[in-house]
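One letter stands for each residue in the lines below.
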Amino acid sequence: MTVAPASRTPRLVATDLDGTLVAPDGSVTRRTRDVLAALDERGVAIVLVTARPLRWMDELWPLTGRVGRGIVSNGAVVYDAHARRVLDVTGIEAPEGLALTADIGSAVPGATFALECVSGIKRDPRFHEPHSVPPGSPVAELSELWTEPAVKVMVRAPEADPRLLLEGTVAAVGDRGTVTWTIPGLVEIGPPGVTKATTLAHVAEDLGLRAADVVAFGDMPNDISMLSWAGTSYAMANGHPSVQACADAVAPANDQDGVAETLAALFGLETWDR
């Protein structure tokens, strides 16, 4: 494996999770855990940067080591894994959000919506969430549900072509939100101006670090901002072509411990049995 040289030895590792750090079966391998732990012992900050909501993160927080920082919901939430508390939230308030979803509904027939909030997921009755949803999660019309800032608005339109869903949502949203996608058929809208990169820059600054100190890993278009900002960036071999085109280099796929193998080579860690 060839590792592109960094302009300086990174002091912060920023990594996406699904399709990147996490194996295809949803696990984190022993190899990956060992490499991250070795870097933590060297004083390298580990920051998880993901589209996942808080409710999917509990078992992964130990990976952040002594720094204990996570960025979830595509940059809308910063979390302290040690204190188990939210440090910062940027969300979409009800008046703006209801106008936004009304416009999307006009542009994309059959659009259905869910709100990801710090308190959990809230869905309109027509929105189907194929992943696990905590029992008792609120289901009602958006006007009733929108009682707190939404860190992410999710849009599905089961009868629509995924490409048209994305294009229609982008056109309807304009500059009123940040539109991303990670899987076909689901579009996610974050607060305007908020990306993985903008929030990572603030977290790095709080740690006394700059973009040149950061090495970042990702696989999907919502990672492009982060990879473009970081001093050294890697797209996964299993990643979207647009992500590979923007990164400095390509790391092995997530089913080959690509993040761990790249970090081990980049930092000159000893190789141990897997």
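Scoring rules and cut-offs
Position labels on residues start from 1 in each chain and follow its written sequence. It should be noted that, the model being predicted, local features are given only for residues of pLDDT at least 70 and side-chain atom pairs only at 80 or more, the latter also being counted only at that level, while totals for whole chains, interfaces and linings use all residues. No hydrogens and no water enter the side-chain calculation; it runs on all heavy atoms of the structure. Between any two strands, pairing holds if DSSP finds at least two bridges. What counts as a helix is a DSSP run of H or I of at least four residues, what counts as a strand is a run of E of at least two, and both are numbered from the N terminus. Interaxial angle, 0 to 180 degrees, is taken between N-to-C directions of lines fitted to C-alpha atoms, where a helix line uses only the stretch in contact. Note on definitions: a residue-residue contact is assigned when non-hydrogen atoms from the two residues lie within 4.5 Å. Using a 1.4 Å probe on the protein chains alone, a residue whose accessible area is under 20% of its type maximum counts as buried, one over 50% counts as exposed, and one in between counts as partly exposed. Only buried residues count toward a nonpolar core, which is a set of Ala, Val, Leu, Ile, Met, Phe, Trp, Tyr and Cys residues joined through side-chain atoms within 4.5 Å. For the handedness criterion, the strands are oriented away from the viewer, and a crossover whose path from the first strand over the helix to the second runs clockwise is classed as right-handed.

**So, the sheet that holds strand β9 (residues 178–183)**
Part 1: Strand order in the open sheet formed by 5 strands is β7-β6-β8-β10-β9, with antiparallel pairing between adjacent strands. Across the chains shown, the open sheet's two edge strands, defined by having one partner strand only, are β7 (120–123) and β9. Ignoring which end each strand starts from, the neighbouring axes of this sheet average 25° apart.
Part 2: Both β9 and strand β10 (residues 186–190) contribute to a ladder of 4 bridges, which runs antiparallel. Bridging from a neighbouring strand, Thr180 pairs with Glu188 of β10.
Part 3: Each of β6 (112–117), β8 (152–156) and β10 touches helix α2 (residues 94–107); the most contacted strand, β6, lies at about 150° to it.
Part 4: Contacts from helix α4 (residues 162–173) reach β8, β9 and β10 within the one sheet, and its direction differs from that of β10 by about 20°.

**Regarding unusual backbone geometry**
Part 1: In the Ramachandran plot, Ser73 falls in the positive-phi region, its phi being about 50° despite a non-glycine side chain.
Part 2: With respect to the secondary-structure elements, Ser73 resides in the loop between β3 (69–72) and β4 (77–80).
Part 3: Take Ser73: its relative accessible area is 4%, and that puts it in the buried class.
Part 4: One non-glycine residue with positive phi stands out, namely Arg84, at about 50°.
Part 5: Here Arg84 shows up in the loop between β4 and β5 (85–89).

**A short note on the sheet that holds β5**
Part 1: Reading across the sheet, the 8 strands line up as β5-β4-β3-β2-β1-β11-β12-β13 and stay open at both edges, with mixed pairing between neighbours. Each end of this open sheet is capped by a strand with a single partner; those strands are β5 and β13 (249–251). Strand after strand, the sheet turns through a mean of 25° between neighbouring axes, direction not considered.
Part 2: Inspection of the sheet shows strand β11 (residues 214–218) paired to strand β12 (residues 232–236) by 4 bridges, in the parallel sense. Residue pairing for β12: Gly218 is matched across the bridge by Ala235.

**Let's talk about the nonpolar core**
Part 1: Within the largest apolar cluster, 35 residues are counted, with the highest numbers of intra-cluster contacts made by Val13, Leu39, Phe217 and Leu263.
Part 2: Counting residues per element, the ones that place at least two in this core are α1 (30–41), β2 (45–49), β4, β11, β12, β13 and α8 (258–267).
Part 3: Here the element with the most residues in this core is α8; it accounts for 5 residues.
Part 4: Setting aside anything within four residues of it in sequence, one finds Leu263 in contact with Val13, Val35, Leu36, Leu39, Val215 and Phe217.
Part 5: Counting residues in hydrophobic clusters, the runner-up holds 22 residues, among them Ile92, Ala94, Val108 and Val173.

**Section: the pairing of strand β1 (residues 12–15)**
Part 1: Taking every second residue as pointing to the same face, both faces of β1 are buried, with Leu12 and Ala14 on one and Val13 and Thr15 on the other.
Part 2: In this sheet, β2 lies alongside β1 in parallel orientation, the contact comprising 4 bridges. Across the sheet, Thr15 pairs through a bridge with Leu48, a residue of β2.
Part 3: Taken together, β1, α1 and β2 constitute a β-α-β crossover, and its handedness is right-handed.
Part 4: With 4 bridges joining them, β1 and β11 adopt parallel strand pairing. Looking across to β11, one finds that Leu12 is bridged to Val214.

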